There are 2 protein chains.
Amino acid sequence: MSEMIRVVVDAMGGDNAPGELVKGAVDAVNGRESIHVILTGRKEAIEGELSKYTYPKDRVEIVHCEDVIETAEPPVNAIRSKKDSSLVVGMQMVKRGEADAIVSAGNSGAVLVGGQAIVGRIRGVERPALAPVIPTEKGMSLLIDCGANVDARAPHLVQFARMGSIYMEKVLGVKNPRVGIVNIGAEEEKGNALVKETFPLLKACTDINFIGSVEARDIPAGVCDVIVCEAFVGNVILKLYEGVGSTLIHMVKGALMKNTKTKIGAALIHSSLKETLKAFDGSQYGGAPLLGLKGLVVKTHGSSKAQEVTTSIYQCELFKKQKINEIIKENLGENN
Amino acid sequence: MSEMIRVVVDAMGGDNAPGELVKGAVDAVNGRESIHVILTGRKEAIEGELSKYTYPKDRVEIVHCEDVIETAEPPVNAIRSKKDSSLVVGMQMVKRGEADAIVSAGNSGAVLVGGQAIVGRIRGVERPALAPVIPTEKGMSLLIDCGANVDARAPHLVQFARMGSIYMEKVLGVKNPRVGIVNIGAEEEKGNALVKETFPLLKACTDINFIGSVEARDIPAGVCDVIVCEAFVGNVILKLYEGVGSTLIHMVKGALMKNTKTKIGAALIHSSLKETLKAFDGSQYGGAPLLGLKGLVVKTHGSSKAQEVTTSIYQCELFKKQKINEIIKENLGENN
């Protein structure tokens, strides 16, 4: 029998809590015998959801917490004052080694703050990085960093590149991932002060496959596997990706519904178009890991459905099996 | 008779030079009696193109230049060494007041460098800004700055906001344009150091309609009219806009061509879809002005066709009629 992995699921976080979170957890334990989930949150609500399903009782645990961190709450305050929240309690279990990982669809800021303040950084990692997977025409790329720590310095970006490369190779199975830095032109001398300082440092890294500058225009085509940038730019890329995508899809739908003729056309292309656009939906790849922490914290979309929660839990298993934290420690740790 | 405007068209710049540039210029003079164009570039090539059309000869002038600046040439070198290029000669005419404006589809970097070095800044404007119009679901927004001067400081961004607001109102006819600053969250305390420093300065401006932070996700929906950011972020937004758009459209086309059934569907929706997607094509709004210079420099897409060139020339006329430079000088100039 393979090694068990214990994953906390923050049952109260996200737009679809607790229903979809509990369903995702149940699907994960039913799908794999190696999964043990710990649902943190209001016991009664969680039990209500669990009663709808059949599942191995010995691999689903509930840890009751009274508090719930709301989506719009100021993160630092929330983490400090809501000690008995599903997120804080879950993170403390990861910190104490009672769980290997936590998956949360809740307040992004609180997940980032809690990850650093409670779970803690690997010694030697200067900044943890939030690294979502974004869809491309060829599959997917890792965008690192999209976290809350803006105004990064060059050594941070180098660590992001190395952690991202490890994750992409070991967890997402991309051999020798191509690492690019987001820039405003392809030439080495282009860029702002941060990029100019970081470029030669990345070029000198022997443990990554650095391919140079990447222009934002080429990201959707899948020009590289690990896209390195500081968090402000990463956040703009991530959100504009969503924004342009949803606006265009909205406009295409409008064009399809214009008149009787287009409606007939729409019926004929519906399944093919749906399938194509599904490939451009990032949530199928699971959540975004917060890399560089002593335990694994995975942030899934606030709108996560059960499928994304299940995928994220499986992602945690691979993360543990592949010993990602040990590799990060070896490569980036202080004794390196 | 209305006042004449003299516009230089850099006939050698861009992917479709000189053909589309010359055609665009001819269409502009044929369309409006107030337009006089000066085509700079190789005389023989320009005359060859002009011979295809009928047009008022007294309003189309050729100024022969021997040199051509190539698309990939390093900008500073190009401007310095190619004194007899269509771009440099055209800009010198603007500088000397022999022309009111120049439209170029050539090397972006050279247009920016030349604009500053040859045409020169309005005294009091710390940095000129390149401000393309991007399409949104509701129409268009001005993205300022997308130029080559990265690492801007807060006072620069404030000037961008004010110049962008003037342009949007006077040239593009948006009453009391809503100005937003690109940020990673809606709250005032969010952002990187630059945004945090700029936010209260924008809030204190009495001459603009500042609506606060704008997340990249909301840009395509048309949440504001003037989008303020420093050039690195602006460049990422502009290029990712294009990239996500073209990737998605490419994918949709693939879905439509999948099999016989989808091909029939595609034929039925073709004209409606084409019309919808055309609305999301920025080139219909003409080129991007380089704001804050003593004369008007308009950069059109490298791939510009005649229509975009004509629109850009008309844009120059409105720019002059509305006395944009005088207004910028009054509002931002040193004696203000």
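Chains are numbered independently. Their residues run from 1 in the order of the written sequence. Lettering of chains starts at A and numbering of ligands starts at 1, both following the order in which they are written. Reporting of local features is limited, given that this is a predicted model, to residues whose pLDDT is at least 70; pairs of side-chain atoms are given and counted only at 80 or more, and all residues count toward the totals for whole chains, interfaces and linings. Only hydrogens and water are set aside; all other atoms, that is, all heavy atoms of the structure, feed into the side-chain values.

As for the pattern of salt bridges
Defined as follows: What counts as a salt bridge is simple: a side-chain nitrogen of Lys or Arg found within 4 Å of a carboxyl oxygen of Asp or Glu. A run of H or I in DSSP counts as a helix once it spans at least four residues, and a run of E counts as a strand once it spans at least two, with each numbered from the N terminus. Buried residues are those whose accessible area, probed at 1.4 Å on protein chains only, stays under 20% of the maximum for their type, while exposed residues exceed 50% and partly exposed ones sit between those limits.
Summed over all chains, the structure comprises 28 salt bridges over all chains. Where Arg217 of chain A meets Glu242 of chain B, a salt bridge forms, and the shortest distance between an N and an O atom there is 3.1 Å. Of the two residues, Arg217 of chain A sits in the loop between strand S9 (209-215) and strand S10 (226-228) while Glu242 of chain B sits in helix H8 (residues 231-256), which places them in two different chains. Its relative accessible area of 33% is what places Arg217 of chain A among the partly exposed residues. Within the structure, one salt-bridge network assembled from shared partners comprises Glu3, Asp100 and Lys320 of chain A.

A short note on the interface of chain B and chain A
One frequently used descriptor of interface size is the decrease in accessible area upon assembly of the parts. The criterion, for reference: Residues count as neighbours in contact if any of their non-hydrogen atoms are within 4.5 Å of one another. Accessible area that two parts lose when put together, evaluated with a 1.4 Å probe and summed over both, is termed the buried area.
Taken together, the contact pairs 50 residues of chain B with 50 residues of chain A. Between chain B and chain A, roughly 4900 Å² of surface is buried when both sides are summed, and carbon and sulfur atoms account for 74% of that area. Among the residues chain B hides against chain A, the three largest losses belong to Ile184, Phe232 and Leu240 of chain B. Together they make up 14% of the total. At the boundary of chain B with chain A, the tally comes to six salt bridges. A salt bridge links Glu215 of chain A to Lys239 of chain B, with the nearest nitrogen and oxygen atoms 2.3 Å apart. Secondary-structure elements contributing two or more residues to the side of chain B that touches chain A are strand S8 (178-183), helix H7 (193-204), H8 and helix H9 (260-278) of chain B.

Some remarks on the pairing of strand S8 (residues 178-183) of chain A
Residue and element names in this part refer to chain A. What counts is decided by this rule: Two strands qualify as a pair provided that DSSP identifies no fewer than 2 bridges between them. Convention used here: a crossover is right-handed provided that the path from the first strand, over the helix, to the second strand proceeds clockwise when the strands point away from the viewer.
For S8, the tally of buried residues reaches five of six residues, placing the bulk of the element in the interior. Strand direction decides the pairing type here: S8 and S9, joined by six bridges, are parallel. Bridging across to S9, Asn183 finds its partner in Glu215. For the segment spanning S8, helix H7 (residues 193-204) and S9, crossover handedness is right-handed.

Looking at the side chain of Asn107 of chain A
Residue and element names in this part refer to chain A. We apply this condition: Polar contacts here mean pairs of N or O atoms no more than 3.5 Å apart (in protein, one a potential hydrogen donor and the other a potential acceptor; neighbouring residues in sequence count only if both atoms are side-chain atoms).
Of note, Asn107 is situated in the loop between strand S4 (101-104) and helix H5 (108-119). You can call Asn107 buried: its relative accessible area is 6%. A distance of 3.1 Å separates the side chain of Asn107 from the backbone oxygen of Thr71, its partner in a polar contact. Side-chain polar atoms of Asn107 contact the backbone oxygen of Glu73, separated by 2.9 Å. Excluding anything up to four places from it in sequence, Asn107 contacts Ile69, Glu70, Thr71, Ala72, Glu73, Pro75 and Lys299.

Topic: the state of the cysteines
Just so we agree on the cut-off: Note on disulfides: each one is a pair of cysteine sulfur atoms within 2.5 Å.
Per the stated rule, a full pass over the model turns up zero disulfides over all chains. Looking at the unpaired Cys316 of chain A, the closest cysteine sulfur is the one in Cys65 of chain A, lying at 18 Å.

A look at a positive patch on the surface
Residue and element names in this part refer to chain A. Note the threshold: What goes into a patch is any residue over 30% in relative accessible area without a salt bridge, connected to like charges within 9 Å or, for nonpolar side chains (Val, Leu, Ile, Met, Phe, Trp, Tyr), within 5 Å. For every accessible area listed, the method is Shrake-Rupley and the probe measures 1.4 Å; residues are considered covered only by the protein chains on display. Charge counting follows a simple rule: Lys and Arg are positive, Asp and Glu are negative, and His as well as the terminal groups are ignored. Taken as the charge centre is NZ of Lys, CZ of Arg, CG of Asp or CD of Glu, depending on the residue.
A contiguous patch of positive charge on the surface is contributed by Lys95, Arg121, Arg123, Lys294 and Lys329. The topology assignment puts Arg123 in the loop between H5 and strand S5 (129-130). By relative accessible area, which is 66% here, Arg123 ends up exposed.

Brief notes about the confidence of the model for chain A
Caution is warranted with low-pLDDT regions, since their predicted coordinates should not be read in detail. Here is the rule we go by: Per-residue confidence from the prediction method is given by pLDDT, with values spanning 0 to 100.
For chain A, per-residue confidence averages 92 on the pLDDT scale, and 98% of positions sit at 70 or higher. Across the predicted assembly, pTM comes out at 0.90 and ipTM at 0.88.

Section: the relation of the copies chain B and chain A
Just so we agree on the cut-off: In this comparison the copies share one frame, found by least squares on the C-alpha atoms of residues holding pLDDT of at least 70 in both.
Screw-axis analysis of chain B against chain A gives a translation of 0.0 Å along the axis, an RMSD of 0.0 Å, and a rotation angle of 180 degrees. Put plainly, the chains are arranged around a two-fold axis. The C-alpha atom lying nearest the rotation axis in chain B is that of Gly265 of chain B; the distance is 1.9 Å. When you check the interface residues of chain B against chain A, 100% turn up at the interface there too, and the contact is symmetric in its surfaces.

Details of the pairing of strand S12 (residues 296-299) of chain A
All names here are of chain A. Side chains Leu296 and Val298 of S12 all project onto a buried face; the interleaved residues Val297 and Lys299 project onto the opposite face, where all are buried too. Strand direction decides the pairing type here: S4 and S12, joined by four bridges, are parallel. Bridged to Ala101 within S12 is Leu296. Here strand S11 (residues 288-291) runs beside S12; their pairing, made up of three bridges, is antiparallel.

Some details on the sheet that holds S9 of chain A
Residues and elements named next belong to chain A. Quick note on the threshold: Axes, fitted as lines to C-alpha atoms, cover a helix only where it is in contact. Angles between the N-to-C directions of the axes lie from 0 to 180 degrees.
Sheet architecture is open: five strands sit in the order S6-S7-S10-S8-S9, paired in mixed fashion. Strand pairing shows two members of the sheet lacking a second neighbour, strand S6 (133-135) and S9, which therefore form its edges. On average, adjacent strands in this sheet sit at an angle of 35 degrees to one another, irrespective of strand direction. Where strand S7 (residues 140-144) meets S10, three bridges bridge the pair, whose relative direction is parallel. Within the sheet, the bridge partner assigned to Leu143 lies in S10 and is Ile227.

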